[in-house]
Amino acid sequence: MLQFREYDKERNHRTLTLGEMLFHEALDAVLRGEKRFHVKNPAGSDYDLEYVENQAWAEASESYPDSPLFHEDPLFPPYLLYDEHDKDRLCFDILEGFTKVWFEEASEYTVVLTGVLLQYTDLPIQWKDERIRWFFPEEKRITVSEDVPPVEEKTTLRVINRFHPSSFICDFFTMDPVALFHHVFVLQWLTDLPMEQVKYAEILVAKSEGIGSILTIHARAATFLKRYGIQVTLCPGSPRYADHIIEKYFSVRMTPQDANPSNTIYITNYYGLLFTKMLRYSSGNDFDASSLNPTFLSEMQEYGDSVLGEKRWLGILLRGSDYIASGMSGASAPVTVESALPKIREWMEEGNYDGIFLATEDRDILEKMLAAFPGKIRAVSQERYGITDFQKEQVTTISELDRKRHASEEEYDQFLEDSTANYFYALYLLSRCESFMYSGQCGGIVMTKSLSEKGFRRMWCFAQNKEVK
């Protein structure tokens, strides 16, 4: 992003002139290694533009999550090349529900976005920074005022001049310019092909991703991209799960042989796509029973009848282990059993439930819940982990730990198949419970809700400390 700076007369930089191609001319020079530019401004005082890399700008903020998972691959592409006039590859989902857009400060992105809004929408635009008149001196849809829309005003999209963790806290009413620009130009990041030419979108899955995350990523991307007639596939051999395991249990397509660079989007960094409003709030189910192999689903139904019977169950999903080790925060933050117990006891008493079906990969959480509710806990038998396991092996994810514990490929594949089946047995049994409580957002939450045929009578999120409707 090019940010506005005071004119530095002591330094010698390339001089550009205010005009329609100003930012593109500067970015062409950025591609050749330049970072700062003088701007000759016929509409006002001269100033400088300074290039700041988007991801570095975000990570410099104290509000950016500490988890290393969000520092390995950039969530925000640099966008050194883009076309604000390529309407077919602009995405306006982020604007749904808003009747006005407010910008706090002038920068490359806020100026370009203003132009896009003027060209392709009829939304009124309010600015606090009068420098916008350098670019749109006569535009009547733009008003300049010191008034700041309150946070509570949910019909105005507020674009502030500092990083805002909108994607992490699921607050898309206030956004920073980098995140908003990414939402609008995301298709241009994904591909430079004409959208009508694209047939497939192949996701290269990180080895660290669990099956729940893989299926959620796949389903959400498929929901978003199906409007363009694009089929979402997985890159063969990329997940830590062997292709035959995925094909055995799930209705997920691997990339076919006719996919090639002339008809395929290659998504090698899906976090940049996943952490957009379009995927965080994708319409329809992310995952449902139709995504499962019918034979596998039938086996789980029979098991559920045996374990749960006709009794009334409270389903609880508590993530720990790698969510603690990797420092997950915000809506995905893990919670301690001690902090969750008062609300669990309250719901058990109010609902008069016969027992608790507990889904957790954390050994310590299971032991504490068994002690707190003797004779009331049911859980699927599976390998579980404690935080000490991650500390001992100096790893942060379950996938890293599993790989260290199961060295040979044959042993590892068999372990993954068993653990995958057990994981979905647990989610399926959760989906058959009457009410549902969970620690924080994760792939398993999404799938549990989607598998529930009747929905839940009540739901509670411990990370947000509130009942979920």
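The residue numbers shown here count from 1 along each chain, following its written sequence. The model is predicted, so local features are restricted to residues of pLDDT at least 70 and side-chain atom pairs to those at 80 or more, both for listing and for counting; the totals for chains, interfaces and linings are taken over all residues. To obtain the side-chain values, all non-hydrogen atoms of the structure were included, while hydrogens and water were left out.

Caption draft 1: Region of interest: the nonpolar core. Residues enter a nonpolar core if they are buried and are Ala, Val, Leu, Ile, Met, Phe, Trp, Tyr or Cys, with the set joined through side-chain atoms within 4.5 Å. Exposure categories follow from relative accessible area, calculated using a 1.4 Å probe and restricted to protein chains: below 20% of the type maximum is buried, above 50% is exposed, and the middle band is partly exposed. Membership of the largest hydrophobic core comes to 134 residues, with the highest contact counts inside it found for F23, F185 and F424. Secondary structure follows DSSP: runs of H or I at least 4 residues long count as helices, runs of E at least 2 residues long count as strands, and numbering of each begins at the N terminus. Tallying contributions element by element places helix α16 (residues 409-431) first for this core, with eleven residues. Among the nonpolar cores identified, the runner-up in size contains 21 residues, and L314, L318, V337 and L366 belong to it.

Caption draft 2: Highlighting the side chain of R384. Along the chain, R384 falls in the loop between β15 (377-378) and α14 (387-393). In this tally, Asp and Glu contribute negative charge and Lys and Arg positive charge; neither His nor the terminal groups of the chain are included. Between Lys or Arg on one side and Asp or Glu on the other, a salt bridge is scored when a side-chain nitrogen of the former is within 4 Å of a carboxyl oxygen of the latter. Buried within the structure, R384 lacks any salt-bridge partner; its nearest side chain of opposite charge belongs to E361, at an N-O separation of 7.3 Å. Within the structure, R384 has its side chain in polar contact with the backbone oxygen of T360 (distance 2.8 Å). Polar contacts involving the side chain of R384 include one to the main-chain carbonyl oxygen of V380, which spans 2.9 Å. Only heavy atoms enter the contact rule, under which two residues are in contact if any of them lie within 4.5 Å. Contact partners of R384, with chain neighbours within four places excluded, come to T360, E361, D362, R363, L366, A379 and R405. As used in this structure description, the phrase polar contact means that two N or O atoms lie within 3.5 Å; if the pair is within protein, one of them must be able to donate a hydrogen and the other to accept it, and residues adjacent in sequence are counted only when both atoms belong to side chains.

Caption draft 3: Region of interest: the side chain of E104. Structurally, the position occupied by E104 is in the loop between β5 (100-103) and α3 (108-120). Here E104 sits buried without a salt bridge, and the closest side chain of opposite charge, R162, lies 4.2 Å off (N-O distance). A distance of 3.0 Å separates a polar atom in the side chain of E104 from the backbone nitrogen of N161. When residues no more than four places from it in sequence are discounted, the contact partners of E104 are K128, D129, V159, I160, N161 and R162.

Caption draft 4: Unusual backbone geometry, seen in detail. One non-glycine residue, Y79, adopts positive backbone phi at about 50°. Turning to its location among the elements, Y79 is positioned in the loop between α2 (54-59) and β5. For Y79, a relative accessible area of 6% gives the class buried. Even without being a glycine, N352 presents a positive backbone phi close to 55°.

Caption draft 5: Representation of helix α1 (residues 22-30). Counting buried positions along α1 yields seven of nine residues, so the element is predominantly enclosed. Along α1, the positions that sit buried rather than exposed are L22, F23, H24, A26, L27, A29 and V30. Close packing links the buried residues of α1 with β1 (2-6), β2 (14-17), β3 (36-40), β4 (47-51) and α3.

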